[in-house]
Every structure is written in C-alpha cells, then in structure tokens.
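A structural walkthrough
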Amino acid sequence: QNLLRGEILYPDPWLLETRYTMRLRLYGLSQTFKDYSKTEYGFRPELTRRFGRHFQGSLFLLSRAVQIDNTGNIDPADLGSTNYITSSLGLSLTLDYRDSVLNPTKGWVVNATVDFASAAFGSSVDFIRSTGRFSYYLPIGETLLAVGLRGGIIAPLGDPTELPIDERFFTGGSRSVRSYVNRSLGPKDRAGHSIGGQTFAVFNIEHVFPIKGDLQGAVFFDAGSVGRTVSDGFGVTGLAIGAGLRYKTPIGPLRLDYGHNPVGGKNQPDGAWHFSFGFAF
C-alpha cells in the first residue's frame, strides 16, 4: 500500500499547570490499498491524565472527512458510503508494566478503547466501536516469549450497509496473521475483493532467541479472524506458523518473517513474506 501523510501536532505536557496533557493533531493523508484508495482529513484533540507510573486515561474527539475511490471495482453494495464525515467521542484506558515501550523484554500491557460516533457530534455515520489489547513479555534465560491478544467490534447504529469500508476491521499482514498479505484475511465480495468486517480477533505467540550480537531469530504462531457483521461472531479464521529474523535497533526491531498457512483449501494462501519495523504486537 502507498501512503502520503502530513500532520501538525501541538502537545502541552502540563495543561494549565495541571497533571493533564493536551495533544492537538491536524492531519491529511492519501492512502492506496489493494482494492480501494482514500483521501482523508482529520482533527483529534486529546486530553490525557496519568495516575501513577503505570496507568493512564485519555479522552478524545476524532473528526474525519473521508472520500473513497473504488479502484478495485468492489461491488458498491459491499463498499458502503464513499464520501462521509465521522465525528466520535472516545475514551482510552491503558495499564502498562513493560520495561520499554519500543523494545520490551519483560512485563505486560493492557489497553481498552471505546468511541461513539453520532450526528449529535456532526457525524454522518453513527456507530459504537470498541477495541482491546493485551500483550505479555516473559524473559526465559537469554530468550523472550511474547504473547498477544487483540479484538474489536464496531456496531452500526443505522443502516449496516452504510458502514464505510474504511471503518471496518481488516487482518492479515506483518502485525496479525503472517501467512496472509496485508488486509487479505476476512470477508470478500463476489469478485474476491477484501471488504473487511465488524468484528475481529487476533492471537499471537512468538519465541525470540539470540543469534549473534543484535541479530535474533524467532518462531511464531498466529491465529486471527474477521466477522462480516456483529451477528457473524468472529467469522473467517486464518492461521500461520513461521520463523523470522530480528535486528535490534534503539527504536525497535527490523523484522523479516515468513508465515506458512497450515490450512489448505480453496482461496487459501500457502504463505507470505513480510519485511517490517517494530514489534508485531
């Protein structure tokens, strides 16, 4: 996928001499995926308060103007709205006991986020969305065992067919199920285009071991799923087993992974290569 992005960020770490942090972000982007492209402009004011060293809460308002271009000729019935505004009020809570945000070697982190988009805030699409994440890092001698679990649900409050494709969940890729190319796991239209879904779940487990110096090896297992609608539950499921290399840098690892799909069958990939940066989960 191609991405062109620009943003203006203003942080105030001690808002009005209090313990609150304010961040104002104004951005614009143009992004191309396999089956569609989008132009987006957004504004996100966020107010954050830390409670001790490990817990923080954030309240935010996210306003986005999005225009979708159907470059892959997706069935319009599966595309949803193509020119819309979302304006949502949200809350995010994080409990973080990792020893490092960029290169964790022990500890755990849990996060939960919920946001509500409504015409009352100026949104042309109404929904409730919630996502959650848990990651655990366990050192075993000179090796590291990492476990991650993520999930989410978006429930349209109006006509579910109007939920835009860019508001739905996608999985597959270097940060989810690594036997699939990016965003390719999940529901598809009649022509085979990925159209995303209203629910998702991803499970990862990875064992990282030293090779030489900052070079590391890894073996992993991934499982993930996407449900087209809330009533479908977690829907289409994919698996991956694989191995990769890691090169440690001060701001996170460079990763080369190959994920093999152990589930054969029609429309199932054999596997996929991924070159990426940062922890997978």
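What this report covers is the structure whose coordinates are included nearby. No experiment lies behind these values; they were computed from the predicted model shown. Counting of residues starts from 1 at the beginning of each chain's written sequence and follows it residue by residue. This being a predicted model, a pLDDT of at least 70 is required before a residue's local features are given, and a value of 80 or more before pairs of side-chain atoms are given or counted; all residues contribute to the totals for chains, interfaces and linings. In computing side-chain properties, one takes all heavy atoms of the structure into account and sets aside hydrogens as well as water.

Comments concerning the overall build of the protein
Per the secondary structure count, the protein includes 1 helix and 13 strands. Going along the chain from the N terminus, every DSSP run of H or I of four or more residues is numbered as a helix, and every run of E of two or more is numbered as a strand. Starting at the N terminus, the α and β elements of the protein follow one another as β-β-β-β-α-β-β-β-β-β-β-β-β-β. Only C-alpha atoms enter the radius of gyration; for comparison, a globular chain is expected to reach 2.2 Å times N to the power 0.38, where N is the number of residues. Against the globule reference of 19 Å for 281 residues, the protein gives a C-alpha radius of gyration of 20 Å, in line with a compact fold. Structurally, the protein occupies a C-alpha span of about 60 × 55 × 35 Å along its principal axes. In the protein, which comprises 281 residues, the share counted as buried stands at 44%. Exposed residues in this analysis have more than 50% of their type's maximum accessible area, buried residues have under 20%, and partly exposed residues fall in between, with area computed by a 1.4 Å probe over protein chains only.

A few points about the environment of Thr48
With respect to the helices and strands, Thr48 occurs in strand β3 (residues 37-51). Looking at Thr48, the relative accessible area reads 11%, which means it is buried. In this structure, the C-alpha to C-alpha distance between Thr48 and Tyr20, residues 28 residues apart in sequence, is 5.6 Å. Note on definitions: a residue-residue contact is assigned when non-hydrogen atoms from the two residues lie within 4.5 Å. Every residue in contact with Thr48, bar those within four places of it in the chain, is listed here: Arg19, Tyr20, Thr21, Gln56, Gly57 and Ser58. Within 3.5 Å is the distance limit for a polar contact, defined as a pair of N or O atoms, with the added protein rule that one can donate a hydrogen and the other accept it, and that residues adjacent in sequence qualify only through two side-chain atoms. A distance of 2.8 Å separates a polar atom in the side chain of Thr48 from a polar atom in the side chain of Ser58.

Some details on the packing of aromatic side chains
Here the aromatic set is Phe, Tyr and Trp, taking the six-membered ring for Trp, and pairing holds for ring centres within 6.5 Å; pairs whose planes are under 30 degrees apart are stacked, those over 60 apart are edge-to-face, and all others are tilted. Under the defined criterion, the tally for this structure stands at 7 aromatic pairs. Ring centres of Tyr97 and Trp108 lie 5.0 Å apart, and the angle between their planes is 20°; this geometry places the pair in the stacked category. Note that Tyr97 is positioned in the loop between β5 (83-96) and β6 (107-117) and Trp108 in strand β6, a separation of 11 residues in sequence. According to the relative accessible area criterion, Trp108 is partly exposed, its value standing at 29%. Between Phe169 and Phe200, the aromatic rings sit 4.9 Å apart at their centres with planes inclined by 45°, giving tilted as the arrangement. With a gap of 31 residues between them, Phe169 in the loop between β8 (143-156) and β9 (199-212) and Phe200 in strand β9 connect regions that are remote in the sequence. For Phe169, a relative accessible area of 11% corresponds to the buried category. Here, a charge over a ring is recorded when the distance from Lys NZ or Arg CZ to the ring centre is within 6 Å and its angle to the ring normal is within 35 degrees. Across from the ring centre of Tyr20, 5.5 Å away, lies the NZ or CZ of Arg49, which sits over that ring. The aromatic ring of Phe220 is capped on one face by Arg178, whose charged end is 3.7 Å from the ring centroid.

Overview of the pairing of β9
The sheet contact formed by β8 and β9 spans 10 bridges and is antiparallel. Within β9, the residue paired with Arg150 across the bridge is Val202. Two strands pair if DSSP finds at least two bridges between them. Sheet analysis places β9 next to strand β10 (residues 215-227), joined by 13 bridges and oriented antiparallel. Bridged to His207 within β10 is Val219.

Notes on the side chain of Asp35
Topologically, Asp35 is positioned in the loop between β2 (20-32) and β3. The sign given to each residue is positive for Lys and Arg and negative for Asp and Glu; His and the chain ends receive no count. Salt bridge, as used here: a side-chain nitrogen of Lys or Arg that lies within 4 Å of a carboxyl oxygen of Asp or Glu. Despite its burial, Asp35 pairs with no opposite charge; the closest candidate is Lys34, at 5.4 Å N-O. Polar side-chain contacts of Asp35 include one of 3.0 Å to the side chain of His193. Those residues in contact with Asp35, other than ones at most four positions away along the chain, are Asn70, Thr71, Gly72, Ile74, His193 and Ser194.

Considering the environment of Thr94
Mapped onto the fold, Thr94 is located in strand β5. Residue classification places Thr94 among the buried residues on the basis of a relative accessible area of 17%. Spatially, the C-alpha atom of Thr94 lies 27 Å from that of Gly6, the residues being 88 residues apart in sequence. Discounting residues that sit within four places of it in the chain, Thr94 has contacts with His54, Phe55, Gln56, Val109, Val110 and Asn111. Among the polar contacts made by the side chain of Thr94, one reaches the side chain of Asn111 at a distance of 2.7 Å.

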